[in-house]
Amino acid sequence: MSFPAIDPIPLPAPIWLMKLLSHVTLALHFSAVMILVGCLLLVCWHNSVGHSKKSSEQVSASFVIARRMPVLMTFVINLGIPPLLFVQTLYGRAIYSSSVLIGVSWFSVILLVMLDYWLIYRIVSTIEGGRKALPLALLALFVTMGIGQIYAMNMTLMLRPEVWQAMYQHSPSGLQGYHGDPTTTPRWMFVMCGGLVFGGLWALMLSNMGHIGDGIKKYLRTSGGCMAAVGALLQIGCALAVTHSQPGFVTEALGANMLAKVGGLLFVATIAVTALVAGLQGLKAISNIPLAVTGLLTAFLATTGAVLYRDGIRDATLLHKGYNVWNQPEYANWSVVGLFLLLFVIMLVILFWLLMVMKKATAPNETITLNKTVEAGR
Ligand code: HEM
């Protein structure tokens with residue numbers, strides 16, 4: 001079909017290694033995106049209900065969540081870059097074509113991410129000033145979900161070479177979208193519902209910070225635990241919808257793909273445990289570090305399983321259309337691969353060190369008193 005000619009430069013590392021690194025970094029990217037989506041939802045809820053009930057504690061719960069969102073956003077972006085590099089290297093002939101076809105919306109992601117970042121900072125300062133942040137938080141949620149839609153659109157279009165020619169003839173300037181594909185909405189919904197899961201688990205984790213009051217903890221636990229449990233059930237529904245929306249040849253190929261089957265099973269097993277662990281904490285408004293970490297770990301494993309399954313869908317679809325990802329020339333440059341891995345480990349060590357520094361730092365005051373703000377010590 002219409003895949004451009006093969007790239008004359010061979011792949012600089014073995015395909016299996018690139019796929020492995022792509023899966024790990026994409027699972028991390030998805031986790032960060034999902035935490036961000038869930039945090040925005042919780043901020044909308046706690047801030048608006050807190051203001052209408054004039055509950056300083058509930059508004060403070062929204063502040064505890066919002067205050068960490070700018071840092072979260074850096075993780076969303078920085079953990080998005082490695083999978084972007086891997087997807088371009090492994091599937092360049094597919095993703096470059098689809099990105100050009102929807103070039104205007106694809107490039108608009110850069111502006112939308114900047115807008116999102118700005119909104120997130122505004123949310124924090126608005127809550128800190130004791131003002132209502134619902135409109136800003138809703139707008140940020142809308143922008144974030146919109147960015148996700150553009151990604152879902154491109155990741156679907158890259159699998160549809162049969163429509164590229166007609167789309168190019170329709171608009172060579174890239175001022176168009178790709179709509180009507182039955183697989184796009186379920187895969188987008190899957191990540192958005194994951195927002196309920198990860199955002200809730202993140203709130204449970206935050207509820208274990210020693211310096212926040214019991215009232216704030218209770219709000220974070222009840223809302224976080226219940227939201228994560230409901231989100232896990234919804235995500236199972238979305239996973240089924242993703243599978244059922246695939247064409248017959250893909251479902252058939254997935255049945256014969258061991259890695260995709262392992263991914264699917266891993267997802268089902270770990271998302272069920274996540275729902276239980278989160279539901280328990282939410283209904284009883286209790287939490288502790290081991291429980292909160294278990295929830296986040298099982299949710300991360302579920303996401304990894306989904307990433308493996310998603311990869312199976314992509315490879316099966318492209319293979320059927322004449323693109324075999326495994327059939328590309330490779331010329332491993334081991335010194336560069338080694339340097340990459342070394343830098344990766346150094347980054348992990350630095351992250352660990354930063355977390356230790358944070359742990360030793362003086363705890364900030366995160367209490368918001370309505371109409372009168374207690375200065376948040378940063
Ligand atoms: C708020 C910002 C963002 C949101 C909400 C978001 C959301 C998403 C979603 C929903 C997908 C899955 C699409 C699908 O498969 O259907 C995705 C995939 C992806 N995202 Fe993000 N994303 C964001 C920012 C970024 C940034 C800044 C980058 C890169 C610098 C990035 C890189 C990627 C890549 C490379 C993939 C697909 C990787 C693959 O298929 O192998 N994302 N993102």
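This text gives an overview of the structure that appears in the document. (Residues numbered from 1 in each chain as written. Predicted model: local features only at pLDDT ≥ 70, side-chain atom pairs only at ≥ 80, totals over all residues. Heavy atoms only, no water.)

1. Thoughts on the overall build of the protein chain
And step 1. Counting secondary structure elements, the protein chain contains 13 helices and 2 strands.
And step 2. Relative to its length of 378 residues, the protein chain is compact, with a C-alpha radius of gyration of 22 Å against a globular reference of 21 Å.
And step 3. For the protein chain, the residues scored as buried account for 52% of the 378 residues in total.
And step 4. Across the protein chain, contacts joining residues at least 24 apart in sequence account for 84% of those joining residues at least 6 apart.
And step 5. With an accessible surface of roughly 18,100 Å², the protein chain has 73% of that area assigned to carbon and sulfur atoms.
And step 6. Separation between the mean location of the 23 positive side-chain charges and that of the 13 negative ones in the protein chain comes to 10 Å. (Helix = DSSP H or I, 4+ residues; strand = E, 2+ residues; numbered from the N terminus. Rg over C-alpha atoms; globule rule 2.2 N^0.38 Å. Buried < 20%, exposed > 50% of the residue type's maximum accessible area, 1.4 Å probe, protein only. Contact = heavy atoms within 4.5 Å. Areas by Shrake-Rupley, 256 points an atom, 1.4 Å probe, with all protein chains shown as cover. Lys, Arg positive; Asp, Glu negative; His and termini not counted. Charge placed at Lys NZ, Arg CZ, Asp CG, Glu CD.)

2. Some thoughts on the site of the ligand
And step 1. Residues in contact with the ligand amount to 22 residues; listed here are only the nearest, His29, Tyr151, Arg187, Arg310 and Arg314.
And step 2. Interatomic distance of 2.5 Å between a side-chain N/O atom of Arg310 and an oxygen atom of the ligand.
And step 3. Among the elements of the structure, helix H1 (15-53), helix H3 (69-78), helix H4 (81-101), helix H6 (134-157), helix H8 (184-206) and helix H12 (289-320) are those that each provide at least two residues to the shell around the ligand.
And step 4. Element by element, the count of residues in the shell around the ligand is highest for H6, at 6 residues.
And step 5. By residue class, the composition of the shell around the ligand is 14 nonpolar, 4 polar and 4 charged. (Near = heavy atom within 4 Å. Polar contact = N/O pair within 3.5 Å; in protein donor to acceptor, adjacent residues only side chain to side chain. Nonpolar A, V, L, I, M, F, W, Y, C, P; charged D, E, K, R; others polar.)

3. So, the coordination of the iron atom of the ligand
And step 1. Coordination of the iron atom of the ligand by the protein comes from a single atom, His29 (NE2), at 2.2 Å.
And step 2. Its place among the elements puts His29 in helix H1. (Donors = N, O, S within 2.8 Å, 3.2 Å for Na, K, Ca; no water.)

4. Brief notes about the nonpolar core
And step 1. Met69, Ile123, Ile127 and Leu220 are the most contacted members of the largest nonpolar core, which has 107 residues in total.
And step 2. When residues of this core are assigned to their parent elements, the largest contribution, 18 residues, is made by H1.
And step 3. Setting aside residues up to four positions removed in sequence, Leu220 forms contacts with Ala61, Val64, Ile65, Ala203, Leu206, Ser207, Ile212 and Gly225. (Core = buried A, V, L, I, M, F, W, Y, C linked by side-chain atoms within 4.5 Å.)

5. A closer look at the packing of H1 against H6
And step 1. Closest axis-to-axis distance for the H1/H6 pair is 9 Å, and the angle between their directions is 160°. Relative to H6, the element H1 is oriented roughly antiparallel. Crossing geometry of H1 relative to H6 is assigned as left-handed. The residues of H6 that touch H1, namely those facing Leu36, Val37, Leu40, Leu41, Val43, Cys44, Asn47 and Ser48, are Leu134, Ala137, Leu138, Ala140, Leu141 and Thr144.
And step 2. Per-class residue counts for the contact of H1 with H6 are 11 nonpolar, 3 polar and no charged. (Axes fitted to C-alpha atoms, helices over the stretch in contact; angles between N-to-C directions. Parallel < 35°, antiparallel > 145°, perpendicular 65-115°, else oblique. Left-handed = near helix turned anticlockwise from the far one by under 90°.)

6. Observations regarding the packing of H8 against helix H11 (residues 258-284)
And step 1. As a packed pair, H8 and H11 sit with axes 11 Å apart at the nearest point and diverge in direction by 45°. Here H8 is positioned oblique relative to H11, judged by the angle of their axes. Relative to H11, H8 is oriented so that their crossing is left-handed. Along its contact with H8, which presents Phe190, Val197, Leu201 and Leu204, the element H11 presents Phe267, Thr274, Ala278 and Gln281.

7. Some points on the state of the cysteines
And step 1. Under the definition given, this model contains 0 disulfides.
And step 2. This cysteine, Cys39, is not joined by any disulfide, and Cys44 carries the nearest cysteine sulfur, 11 Å off. (Disulfide = S-S within 2.5 Å.)

8. Some thoughts on the environment of Gly312
And step 1. Position of Gly312 among the secondary structure elements: in helix H12.
And step 2. Given a relative accessible area of 4%, Gly312 falls into the buried group.
And step 3. Sequence spacing of Gly312 and Lys261 is 51 residues, and the spatial spacing of their C-alpha atoms is 8.9 Å.
And step 4. Filtering out sequence-adjacent residues up to four positions away, Gly312 remains in contact with Leu254, Asn257 and Ala260.

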